[in-house]
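Here are the chains, one letter per residue:
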Amino acid sequence: MVSSPLPLDASPIRFGTDGWRGILGVDITVERLLPVAVAAAQELLHQAPEGLNSRTVVIGYDRRFLAPELAEVVAAAVRGCDLEPLLTETAVPTPACSWAVVERQVLGALVITASHNPPEWLGLKIKGPFGGSVEGTFTAAVERRLAAGGITVPVAGSFERFDGREEHLAGLRTKCDLQALTIGLQAMGLHVFVDPMHGSAAGCVADLLGEDAKDLITEIRTNRDPLFGGCAPEPLAPHLGELIAAVKASKAAGRNAVGLVFDGDGDRIAAVDENGRFCSTQQLMPLLIDHLARAKSLPGSVVKTVSGSDLMRLVAEDLGREVLELPVGFKYIAAEMLAGEVLIGGEESGGVGFGMHLPERDALFAAMLVLEALVEGKQPLGERMTAIQERCGGEAHYDRLDLRLADMDSRRRLEALLADTPPQEVAGCPVVEVVTTDGVKLRLGPSHWLMLRFSGTEPLLRLYCEAPSPSRVEEVLNWARTFADAI
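Residue positions within a chain follow its written sequence, with the count starting from 1. Per-residue local features are limited, in this predicted model, to residues with pLDDT of at least 70; the limit for side-chain atom pairs, both in listing and counting, is 80 or more; totals at the level of whole chains, interfaces and linings are taken over all residues. Water and hydrogen atoms were dropped before computing side-chain values, which therefore reflect all heavy atoms in the structure.

Enquirer: Whenever I open this one, the overall build of the protein chain confuses me. Can you help?
Expert: Counting secondary structure elements, the protein chain contains 15 helices and 22 strands. Our radius of gyration is a C-alpha quantity, and the globule rule it is checked against amounts to 2.2 Å times the number of residues to the power 0.38. A globule of 487 residues ought to have a C-alpha radius of gyration of about 23 Å, and the protein chain, at 22 Å, matches this closely. Seen through its principal axes, the protein chain has C-alpha atoms that stretch 60 × 60 × 45 Å. Put simply, 70% of the contacts in the protein chain that link residues at least 6 apart link residues at least 24 apart. Under the scheme used here, helices are H or I runs from DSSP no shorter than 4 residues and strands are E runs no shorter than 2 residues, and both carry numbers assigned from the N terminus. Only heavy atoms enter the contact rule, under which two residues are in contact if any of them lie within 4.5 Å.

Put into C-alpha cells, the structure is as follows:
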C-alpha cells in the first residue's frame, strides 16, 4: 500500500457527519484527544435528560492501530471530569456501545474509531443517552467548550470493564428468531459468506447464529489488521474481490450463496448476490422495506437520504408508506426516529437503522433481517431484488465515484460554480430539477440522476449516479469526472 504524504499541519478540530476524525499522529494525538474527550464528556453531563441519574460514560474502540490505548486515554479524561468511565473489554462494533448506553441507562458513549476511513485515520464518535449519534447542536457545543479552554487533569489507572460485544449479541438474539432463520437457510441450501474487512464485527455473525449454523457460514478476513489489507475498510465493490470470488465459486459449484460485508466498526453493511454482483444499501433498503412493511406489517414511515435510490421511494409508496428525504448523515435519520414512528431509515453508504431497535445504524441487526427476508421469500438475493424492481418501476443501476481534489482552491471554485450556475445538461441529457438538500443533485428523469457532494471527513468530492443501465451510469460519472477536473 502506497500512502499519501502526511500533511505537516494538523487540521482544526471540527466534527463532521459522525464524529471528529483525522490522520493519526497529525490530527489525532494524545494532546488533542484529551481536551476533546473532556469537552464531550462534560457536554454529555450538561445535556443529560432530566431524571437520568448516572455519571457513567461507556468507552469503546475498534481494531485500528492504537485504538485500545487511546480508549484508555479517553477513560482517563472522563475520570478527570469526575465521571465514571466504563470500557469495553475488547474491540466492539460501534452499535454495541449504543446498545450498552440504552440498556444501562448511562450518559452516553465515546468511541475511538474512524469507521470506514483509510487505515491512517482515527477519530472519536459521540453517542447520546438515547443510543444514537449526537446532533450538530451538541457537537457545536463541544467545539465551543474547546475554544473556551480550561484545565481538567486526566486521572489514569485501571478502569472498570465490561463485555460489550456479548451484551450486544445477546440483545440481538432477543430481536430475531435465529433458530427459525437457521432452519430456513438450511432449507434453501444458501451458503452465507461474511467479510468483516478485518474490523470489529469479526466473528459476530457466526456467534449470533450459533453451532447449528456452522456449516452455513464461511467468514473471511477475520484477523485484526490495522492496515485493513491495504485499503479503506469501506464496503465498496473494489475492496471486495475475495468475497465476490468466493460467492461466484460457490454458485459455480452448484450452491447459491450470499455475501455480507461490514465496515471497520460494524455499523455499515453491504452484500454480494449469488451472481457476484455487489449490492449496496441502494439495493438492500428496498428489500428491507418490502420485508418489514409487507411481510412483517410493522408500522412507520421510511426515511432516506438524498443520495438514496429512487427505488426506496417506489417500494415504500407501493406499500402505502410515507417517505422522508434528508441530507446525508445518519444523525438526521436518528432525529426522525426519536421524533416519530419510523419503520426504517438508511443512507446509501451502508448505514441502516430500524424504529423497533435503536436510533442508530446496526449492521449486524440489518444482516439478520436481510437473511430473514431471503428466507421469507425463498429466493436468493439477486432473484429477490429483480422481482422487487420489476414490481416497482423497472431496472435501475447505481454507482459512486470518489474524486480526490487537487487542493482547497479547486474545491472552493467548484462549490461556487455549483451553487451559482449548476449544469443545465449532463452527458447529453437536460437537467429537469436541481435539488440542494445536500450537495447538488441533478435530476435527469425517473430513476436517473447525478449528485455531487463534498465529503464531511475527507478532502473528497463524491459523485453519485443512478440510471436505467450500467453503461449510462458509467457515462454520467465519466462526464462528472471531466466536469470536476476542468474547474
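Enquirer: Honestly, empty space enclosed by the protein in this entry has me stumped. Any pointers?
Expert: Any residue with an atom within 4 Å of a point lines the site, the site being either a cavity, points on a 1 Å grid over the protein atoms alone where a 1.4 Å probe fits but cannot get out, or a pocket, an open set with protein on both sides within 12 Å along at least 5 of 7 lines. Grid points are joined across faces, edges and corners, and a volume is the space filled by probe spheres set on the points. Summed over the entire model, instances satisfying the criterion amount to three cavities of 30 Å³ or more. Considering only enclosed or pocket space, the largest cavity measures out at about 190 Å³ in volume. Lining of the largest cavity is provided by 20 residues; of these, Thr17, His116, Arg268, Val328 and Arg453 occupy positions nearest its centre. In this count, Pro and Cys sit with the nonpolar residues alongside Ala, Val, Leu, Ile, Met, Phe, Trp and Tyr, while Asp, Glu, Lys and Arg are called charged and the others, Gly among them, polar. Broken down by class, the residue content of the lining of the largest cavity amounts to three nonpolar, seven polar and 10 charged.

Enquirer: Hey, could you run me through the pairing of strand β10 (residues 269-272) in this one?
Expert: The buried label goes to any residue with under 20% of its type's maximum accessible area, the exposed label to any with over 50%, and the partly exposed label to all in between, with areas taken from a 1.4 Å probe on protein chains only. Where burial is concerned, the two faces of β10 agree: the one with Ile269 and Ala271 and the one with Ala270 and Val272 are both buried. Of the pairings in the sheet, the one linking strand β9 (residues 257-262) to β10 comprises four bridges and is antiparallel in character. Each bridged residue has a counterpart across the sheet, and for Gly259 the counterpart in β10 is Val272. Counting the residues between successive antiparallel strands, the hairpin from β9 to β10 contains six residues, one of them, Gly266, with a positive phi of roughly 70°. Pairing of β10 with strand β11 (residues 278-279) involves two bridges; the strand directions are antiparallel. Across the sheet, the residue bridging to Ala271 is Cys279, located in β11. Any two strands with at least two DSSP bridges between them are considered paired. Here β10 hands over to β11 after five residues, with Gly276 in that stretch at a positive phi of 85°.

Enquirer: Sorry, what's going on with the pairing of strand β14 (residues 342-346) here?
Expert: The two faces of the sheet receive side chains in turn, since in a regular strand these alternate between them. The buried count for β14 comes to five of five residues, which makes it a mostly enclosed element. Bridging between strand β12 (residues 301-305) and β14 involves four bridges; their strand directions are parallel. The residue of β14 that forms the bridge with Val302 is Ile344. Taken together, the three bridges between β14 and strand β15 (residues 352-354) define a ladder with antiparallel strand orientation. Counted as the bridge partner of Ile344 is Phe354 from β15. Hairpin connection from β14 to β15: five residues lie between these consecutive antiparallel strands, with Gly350 at a positive phi of about 120°.

Enquirer: Which parts of the structure should I look at to understand the pattern of salt bridges?
Expert: If charged atoms from side chains of opposite charge come close, those side chains can pair. Whenever a carboxyl oxygen of Asp or Glu lies within 4 Å of a side-chain nitrogen of Lys or Arg, that contact is scored as a salt bridge. Scanning the model with the defined rule gives 37 salt bridges in all. With a shortest N-O distance of 4.0 Å, Arg55 and Asp82 are connected by a salt bridge. Here Arg55, found in the loop between α1 (30-46) and β2 (56-61), pairs with Asp82, found in the loop between α2 (67-80) and β3 (84-88); they are 27 residues apart in sequence, far enough to count as distant. Assessed through its relative accessible area of 35%, Arg55 is described here as partly exposed. The class for Asp82 is exposed, based on a relative accessible area of 59%. The network of salt bridges with shared partners includes Asp18, Lys125, Lys127, Asp265, Asp267, Glu347, Glu360 and Arg361.

Enquirer: Whenever I open this one, the sheet that holds β9 confuses me. Can you help?
Expert: For sheets, the rule is that strands pair by backbone hydrogen bonds, running either parallel or antiparallel. Sheet architecture is open: five strands sit in the order β8-β7-β9-β10-β11, paired in mixed fashion. The open sheet is flanked by β8 (217-219) and β11, the only strands paired with a single partner. Lying over the sheet, helix α12 (residues 363-377) contacts β7 (191-195), β9 and β10, oriented at roughly 165° with respect to β9. As a rule, the C-alpha atoms of each element are fitted with a line to give its axis, helices using only the stretch in contact, and angles between N-to-C directions run from 0 to 180 degrees.

Enquirer: Would you mind showing me how to read unusual backbone geometry here?
Expert: Backbone geometry follows two general trends: most residues other than glycine have a negative phi, and most peptide bonds adopt the trans configuration. Positive phi values are uncommon outside glycine, yet Met197 reaches one of about 55°. Note that Met197 resides in the loop between β7 and α7 (204-209). With a phi close to 55°, Ser297 is a non-glycine residue in the positive phi region. Here Ser297 lies in the loop between α9 (281-295) and β12.

Enquirer: Help me out: how do you make sense of the nonpolar core in this one?
Expert: A general feature of soluble globular proteins is that nonpolar side chains tend to end up buried together. In this description, a nonpolar core means a group of buried Ala, Val, Leu, Ile, Met, Phe, Trp, Tyr and Cys residues linked to one another through side-chain atoms lying within 4.5 Å. Counting residues in hydrophobic clusters, the biggest one holds 56 residues, and the most contacted among them are Phe262, Ile344, Phe354, Met368 and Leu381. The element best represented in this core is α12, accounting for 12 residues. Contacts of Leu381, omitting those with residues within four sequence positions, involve Val258, Ala271, Val272, Asp273, Glu274, Cys279, Leu284, Leu287 and Leu374. By size, the runner-up hydrophobic cluster in this structure holds 38 residues, among which are Val36, Ala75, Cys81 and Ala91.

Enquirer: What is the right way to look at the sheet that holds strand β5 (residues 121-127) in this model?
Expert: Ordered by their spatial adjacency, six strands build an open sheet running β1-β5-β4-β2-β3-β6, and the pairing between neighbours is mixed. Each having just a single partner strand, β1 (20-23) and β6 (160-162) make up the two edges of the open sheet. Averaged over all pairs of adjacent strands, the angle between their axes in this sheet comes to 20°, without regard to strand direction. Where β2 meets β3, four bridges bridge the pair, whose relative direction is parallel.

Enquirer: How should I be thinking about the layout of surface pockets in this particular structure?
Expert: To find leftover empty space, a probe the size of one water molecule is rolled over the atoms. Empty space within the second largest pocket amounts to approximately 270 Å³. Along the wall of the second largest pocket there are 13 residues; nearest its centre are Pro35, Val38, Gly149, Gly150 and Thr152. At the level of elements, α1 and α4 (136-148) are the ones that each hand at least two residues to the lining of the second largest pocket. Ranked by residues supplied to the lining of the second largest pocket, first place goes to α1 with five residues. Looking at side-chain class alone, the lining of the second largest pocket contains eight nonpolar, four polar and one charged residues.

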